[in-house]
Number of protein chains: 2
Amino acid sequence: MEKRVFKDKAYSILATMVKAMANPHRLEIVDLLGQGEKTVEEIAGETGMSVANTSQHLQVLKSANLVEIRREGNFINYKLTHEEIYKSWQNLRELGLNHIAEMEKLVKDFREKRNSLEALKIDELLTKMKSKNVVVLDIRPETEFQNGHITGAINIPIEELATQLKNLPKNKEYVAYCRGPFCVFADEAVAVLNKKGYSAKRLNEGFPDWVLKGLPVSYSKAS
Amino acid sequence: MEKRVFKDKAYSILATMVKAMANPHRLEIVDLLGQGEKTVEEIAGETGMSVANTSQHLQVLKSANLVEIRREGNFINYKLTHEEIYKSWQNLRELGLNHIAEMEKLVKDFREKRNSLEALKIDELLTKMKSKNVVVLDIRPETEFQNGHITGAINIPIEELATQLKNLPKNKEYVAYCRGPFCVFADEAVAVLNKKGYSAKRLNEGFPDWVLKGLPVSYSKAS
DNA sequence: AATCTATTCAATAATTATATTGAATAGTTG
DNA sequence: CAACTATTCAATATAATTATTGAATAGATT
């Protein structure tokens, strides 16, 4: 095969894969599936899209082999085909967060209103976990927590936070995390906690980022 | 700002960036600019595109802040705005190379014909460089070599290989590298060397990958 | 200032991507 | 097997992407 033909094919194959990611909805789906498998309906619900549109975007991801399905009764569960796919997304996400001014401003404005601007990096949390009496809060839905969570974290889904406050002593330091930098459960939790007089910050990254760093993870069986 | 609005904006900003990469020609340009800055004409020449089309694609990359320009007389030099951009490309490239069957087959077929299938990884080259009498050949054009190369490598641009053979002893082991996995200078060099009875393999990765690993690099001034 | 040169722009045509709607399908449940 | 449910498909309209052509521009050279 000739040189130029080879290159054209190589870059085309890769561009096809990149194109499959090059859409806001599909990036959000990839981000969401970093938590584990989800049904079409769940994905539609989380992303605010219609089911038909969600399905169509999932087909695009599936054609590019970025996601695969597992049938379970009437439901079809989608998941990422490889962990590396989340890694690539994470990489692109960091590129945007670090170098697109518009992106920085968007996150800053959003977090300022929720007192969650002063966020911790994973490395900073690790230091705190060793030396301080810090409580790590997982603000994701219960099923995602059961699927895997930071070892030592306690699960308080955002809707339960208000009623759980009475069990949280005020003399501790709180770090809230959820799915990733664009997951706002943690921001909402920090807003509530700070308002009630707690010392709370959010973790910049989310659970999948913790996993990719090879840090300790625990699971809990559904009851 | 409302939750959904925030997410829509965040994923849209990132999708705009990813879209800027989601094209075979633009991926090739990003790959090429990993070697350092190039003029529009040079990029057009290397990629086999018309100058007008190249310019148009460069505008797309520039709008996304992936590349920036430096004027020099009549010429405009394009370069990547950040090293992380190459890193993201590298990441996507590896994803494709490892998980797209079509991609694996393409590379395998191409290299089999050139006896360059048995390629070394950077880590393997490092081991060899310590213990063996290996000669590292940089097959890129002279200007790219001068801009930075693997410390200890000698530069033999592909057109000069035939005439330089007389200076290469046959009792050594040769490892040829160029720009990256899709750069075929190294494959061509390996094909020539093996045909002439040398023991030669190509390096899987290219010079930018060596740099991103933080390995030793040398420069040479233009004469 | 006139000419030259590298690059960009504008207009076009062809192709591809997207969201919406409602119908079709495949598997489950009664 | 009929009814149901989750998902996919097909058709449509609108919008975005791409390569080509030739003209325009901005800076350098004479």
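Given the structure is predicted, the values throughout are model-derived calculations rather than measurements.

**Here's the deal with the overall build of chain A**
So, point 1. A tally of regular secondary structure across chain A gives 11 helices and nine strands.
So, point 2. Compactness check: chain A gives a C-alpha radius of gyration of 19 Å against a globular reference of 17 Å for 223 residues, within 12% of the reference.
So, point 3. Its C-alpha atoms put chain A at 70 × 45 × 30 Å along the principal axes.
So, point 4. Of all 223 residues assigned to chain A, the portion counted as buried reaches 52%.
So, point 5. Here chain A has roughly 10400 Å² of accessible surface; of this, 50% comes from carbon and sulfur atoms.
So, point 6. Once the 33 positive and 30 negative side-chain charges of chain A are each reduced to a mean point, those two points are 2 Å apart.

**Describing the UniProt feature "domain: HTH arsR-type" (unreviewed entry) in chain A**
So, point 1. Sequence positions flagged by UniProt for "domain: HTH arsR-type" (unreviewed entry) are, in local numbering, residues 6–104 of chain A.
So, point 2. With 69% helix and 14% strand, the stretch residues 6–104 of chain A has end C-alpha atoms that lie 39 Å from each other.

**Re the protein's contact with DNA strand C**
So, point 1. In the neighbourhood of DNA strand C, 21 residues make up the surrounding shell, with Asn23, Arg26 and His57 of chain A together with Ser55 and Tyr78 of chain B lying closest.
So, point 2. Taking the atoms of DNA strand C that fall within 4 Å of the protein, sugar and phosphate contribute 71% of them.
So, point 3. Within the side chain of arginine 26 of chain A, an N or O atom sits 2.9 Å from a phosphate oxygen of DNA strand C.
So, point 4. At a separation of 3.5 Å, a base nitrogen of DNA strand C approaches a polar side-chain atom of asparagine 74 of chain A.
So, point 5. Broken down by class, the residue content of the surface near DNA strand C amounts to seven nonpolar, 11 polar and three charged.

**Regarding unusual backbone geometry**
So, point 1. Of note, asparagine 65 of chain A is a non-glycine position whose phi angle comes to about 60°, a positive value.
So, point 2. Looking at where asparagine 65 of chain A falls in the secondary structure, it is placed in the loop between α4 (51–63) and β2 (67–72).

**Points about the domain arrangement of chain A**
Residue and element names in this part refer to chain A.
So, point 1. Splitting chain A by domain gives domain 1 (3–85) and domain 2 (102–218).
So, point 2. The distance between the C-alpha centroids of domain 1 and domain 2 comes to 27 Å.
So, point 3. Counting residues at the interface gives seven residues for domain 1, matched by nine residues for domain 2.
So, point 4. Its largest share of buried area at the contact with domain 2, domain 1 owes to Asp31, Gln35 and Glu83, together 67% of the area lost on that side.

**Points about the UniProt feature "domain: Rhodanese" (unreviewed entry) in chain A**
So, point 1. Mapped onto this numbering, the UniProt entry gives "domain: Rhodanese" (unreviewed entry) at residues 130–219 of chain A.
So, point 2. The span residues 130–219 of chain A is 32% helical and 22% strand by assignment, and the distance between its end C-alpha atoms comes to 21 Å.

**Quick look at the protein's contact with DNA strand D**
So, point 1. Around DNA strand D, 22 residues are found, and the nearest of them are Ser55 and Tyr78 of chain A together with Asn23, Arg26 and His57 of chain B.
So, point 2. A distance of 3.0 Å separates a phosphate oxygen of DNA strand D from a polar atom in the side chain of histidine 25 of chain B.
So, point 3. Between DNA strand D and glutamine 56 of chain B there is a distance of 3.3 Å, counted from a base oxygen to a side-chain nitrogen or oxygen.
So, point 4. Where the surface near DNA strand D is concerned, the elements lending two or more residues are α3 (40–47), α4 and β3 (75–80) of chain A together with α2 (24–33) and α4 (51–63) of chain B.
So, point 5. Its residues assigned to classes, the surface near DNA strand D comprises seven nonpolar, 11 polar and four charged.

Reading guide: rules and limits
Residues numbered from 1 in each chain as written. Chains lettered and ligands numbered in written order. Predicted model: local features only at pLDDT ≥ 70, side-chain atom pairs only at ≥ 80, totals over all residues. Heavy atoms only, no water. Helix = DSSP H or I, 4+ residues; strand = E, 2+ residues; numbered from the N terminus. Rg over C-alpha atoms; globule rule 2.2 N^0.38 Å. Buried < 20%, exposed > 50% of the residue type's maximum accessible area, 1.4 Å probe, protein only. Areas by Shrake-Rupley, 256 points an atom, 1.4 Å probe, with all protein chains shown as cover. Lys, Arg positive; Asp, Glu negative; His and termini not counted. Charge placed at Lys NZ, Arg CZ, Asp CG, Glu CD. UniProt positions renumbered as here; feature names shortened; annotations may be inferred. Near = heavy atom within 4 Å. Polar contact = N/O pair within 3.5 Å; in protein donor to acceptor, adjacent residues only side chain to side chain. Nonpolar A, V, L, I, M, F, W, Y, C, P; charged D, E, K, R; others polar. Domains from an automatic or database assignment. Contact = heavy atoms within 4.5 Å. Buried area = accessible area lost by both parts, 1.4 Å probe.

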